[in-house]
Amino acid sequence: MTRILCCCRSLSQGVALRKSNDHIGDIDPVNFAALDLNLLRVFDAMMAELSTVRAGERVGLSQPAVSSALGRLRALLDDELFVREGNQMKPTARAFELSEPIRQALAGMEAALVTTIAFDPATSTRSFMLVGSDYFSTLLMPPLAARVAEAAPSITLQMIDHPSSEVFEMLRDGRADIVIDRSLEPPDWVGSRKVLRSWLVCIAKRGHSHLARRGIRPGDAIPVDVFCDLPHVLRSADGSNVGTIDPALARLGLSRRVMITVPHFQAVALAVEASEMLGSIPVHFAGMLTDRLRIDVFMPPMDSPKMDVTMYWLRRFDRDPGSAWIRDQIAAVLAALERRSVPSLPGPLPIHPED
């Protein structure tokens, strides 16, 4: 209860202290004391959905009830909060100003009211929504499913792919429980744990004719002139044809030809197997696919930067036993994956074209 009062008091002070220059009056203590906190839930849902219908679905209210709640909140704050522009609802400046304080206050109240419930994997029916690229759906999910099925047969695991730029918003809005991604800059309300270190290697179809003629064998580093001469397939979620190696090539006055881009690493490997193109995929992924596809693994012509794969979740679930349990399972699977042998590769060649 103390935490709830603190959250409410903080929100009240935040609202009262904002002296408006656009004719928005302060909320006096009597009005705030009588405030139905469900109005703030409706406001938070509207900020996320910008639709009275979808906001109602989020908080379990009908569309008329959402409209009524917004009307009461508009009267209380003396601001429209959301205005219609064509077929869309747009937040006002006041709504944007209130959005984060209200979200934080609601999160604090939710955390204060959470009762620690014993979690028994053997009987739990919880569902966990994970976010990660196809790299993780392929590497992580099969062994994770086998591990979870044995200890928690009634738990449901789901994994979806999503741009890295939006994953923290998904955690905040409750659309995801765990995010697995490269090292990002999380806000302070997101917890994190490094679970894997990876790097990119080059792949080519087995017996690639040009590499064979140059005497370049699997495990060798591909000389930079050969690397630039051959066409490439690039994994690109947004369609960009610039990868991590291209800035380094540009500094040497070099460039490569990216023939196609695809959104998934699996598609990179399949395209490489069926063509004379080169591709770059994470080393552990390459180690797995060499047993399944007719591809060989090579070193790139320069050092590939190490990537710290990290798991993210909402800090308010730090002590949630179910969330902690599934995080431990994910970490254990990826730790085993990191210990697994990867293709034996020497260091890269010096970066200069051959004479």
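Since the model is a prediction, treat every value here as computed from it, not as a measurement.

**Focus on the packing of helix 3 (residues 38–49) against helix 5 (residues 63–77)**
At step 1: Close contact between helix 3 and helix 5 brings their axes to 9 Å; oriented N to C, the two are set at 105°. What the angle tells us is that helix 3 and helix 5 run roughly perpendicular. On the side of helix 3, the interface is formed by Leu-39, Val-42, Phe-43 and Met-46, while helix 5 contributes Val-66, Ala-69, Leu-70, Arg-72 and Leu-73.
At step 2: Partitioning the contact of helix 3 with helix 5 into residue classes produces eight nonpolar, no polar and one charged.

**Quick look at the packing of helix 8 (residues 141–151) against helix 15 (residues 321–339)**
At step 1: Contact pair helix 8 / helix 15: the axes reach a minimum separation of 10 Å and the direction vectors enclose 135°. In terms of their interaxial angle, helix 8 and helix 15 are classed as oblique. Where helix 8 crosses over helix 15, the handedness of that crossing is right-handed. Judged by residue contacts, Pro-143, Leu-144, Arg-147, Val-148 and Ala-151 of helix 8 engage Trp-325, Ile-326, Gln-329, Ile-330, Ala-332 and Val-333 from helix 15.
At step 2: Of the residues assigned to the contact of helix 8 with helix 15, the class counts are nine nonpolar, one polar and one charged.

**Considering the sheet that holds strand 6 (residues 190–198)**
At step 1: With mixed pairing, the five strands of this open sheet are ordered in space as 4-3-5-12-6. A strand with exactly one partner marks an edge of an open sheet, and here the two such strands are strand 4 (156–160) and strand 6. Mean inter-strand twist for the sheet, computed between neighbouring axes without regard to direction, equals 20°.
At step 2: Both strand 3 (residues 127–131) and strand 5 (residues 178–181) contribute to a ladder of two bridges, which runs parallel. If you follow Val-131 over to strand 5, its bridge partner there is Val-179.
At step 3: Where helix 8 meets the sheet, it contacts strand 3 and strand 4, and its direction lies at approximately 170° from that of strand 4.

**Observations concerning helix 3**
At step 1: Look at helix 3: 16 Å from first C-alpha to last across 12 residues, which is about the 16 Å you get at 1.5 Å a residue.
At step 2: Helix 3 sits mainly inside the fold: nine of its 12 residues count as buried.
At step 3: Listing the buried residues of helix 3 in full gives Leu-39, Leu-40, Val-42, Phe-43, Asp-44, Ala-45, Met-46, Met-47 and Glu-49.
At step 4: Backbone geometry just after helix 3 places Leu-50 at a positive phi near 55°.

**A short note on the packing of aromatic side chains**
At step 1: The full count for this structure, using the stated rule, is seven aromatic pairs.
At step 2: For the pair Phe-119 and Trp-325, a centre-to-centre distance of 5.7 Å together with 50° between the ring planes defines the contact as tilted. Residue Phe-119 is found in the loop between helix 6 (93–113) and strand 3, and its partner Trp-325 is found in helix 15; the two are separated by 206 residues along the sequence. Residue Phe-119 shares its accessibility class with Trp-325, and that shared class is buried.
At step 3: Between the aromatic rings of Tyr-135 and Phe-265, the centroid separation amounts to 6.1 Å while the plane-to-plane angle is 80°, which identifies the pairing as edge-to-face. One end of the pair, Tyr-135, is in helix 7 (residues 134–139); the other, Phe-265, is in helix 13 (residues 265–273), and 130 residues separate them in sequence.
At step 4: On the accessibility criterion, Tyr-135 (4% relative accessible area) is buried.
At step 5: A relative accessible area of 11% places Phe-265 in the buried class.
At step 6: Chaining the aromatic ring pairs together yields one cluster made of Tyr-135, Phe-136, Phe-265 and Phe-285.
At step 7: Cation over ring: Arg-235 sits above Phe-265, and NZ or CZ is 5.0 Å from the ring centre.

**Focus on the nonpolar core**
Buried together is how nonpolar side chains tend to be arranged in soluble globular proteins.
At step 1: Membership of the largest hydrophobic core comes to 46 residues, with the highest contact counts inside it found for Leu-140, Ile-203 and Ile-330.
At step 2: Looking at this core, the element that brings in the most residues is helix 15, giving seven residues.
At step 3: Discounting residues that sit within four places of it in the chain, Leu-140 has contacts with Met-159, Ile-180, Ile-330, Val-333 and Leu-334.
At step 4: Among the nonpolar cores identified, the runner-up in size contains 23 residues, and Leu-35, Leu-40, Met-46 and Ile-102 belong to it.

Cut-off values and rules
- Residues numbered from 1 in each chain as written.
- Predicted model: local features only at pLDDT ≥ 70, side-chain atom pairs only at ≥ 80, totals over all residues.
- Heavy atoms only, no water.
- Axes fitted to C-alpha atoms, helices over the stretch in contact; angles between N-to-C directions.
- Helix = DSSP H or I, 4+ residues; strand = E, 2+ residues; numbered from the N terminus.
- Parallel < 35°, antiparallel > 145°, perpendicular 65-115°, else oblique.
- Contact = heavy atoms within 4.5 Å.
- Nonpolar A, V, L, I, M, F, W, Y, C, P; charged D, E, K, R; others polar.
- Left-handed = near helix turned anticlockwise from the far one by under 90°.
- Pairing = 2+ DSSP bridges.
- Expected span 1.5 Å × (residues − 1).
- Buried < 20%, exposed > 50% of the residue type's maximum accessible area, 1.4 Å probe, protein only.
- Phe/Tyr/Trp six-rings, centres within 6.5 Å; stacked < 30°, edge-to-face > 60°.
- Lys NZ or Arg CZ within 6 Å of the ring centre and 35° of its normal.
- Core = buried A, V, L, I, M, F, W, Y, C linked by side-chain atoms within 4.5 Å.

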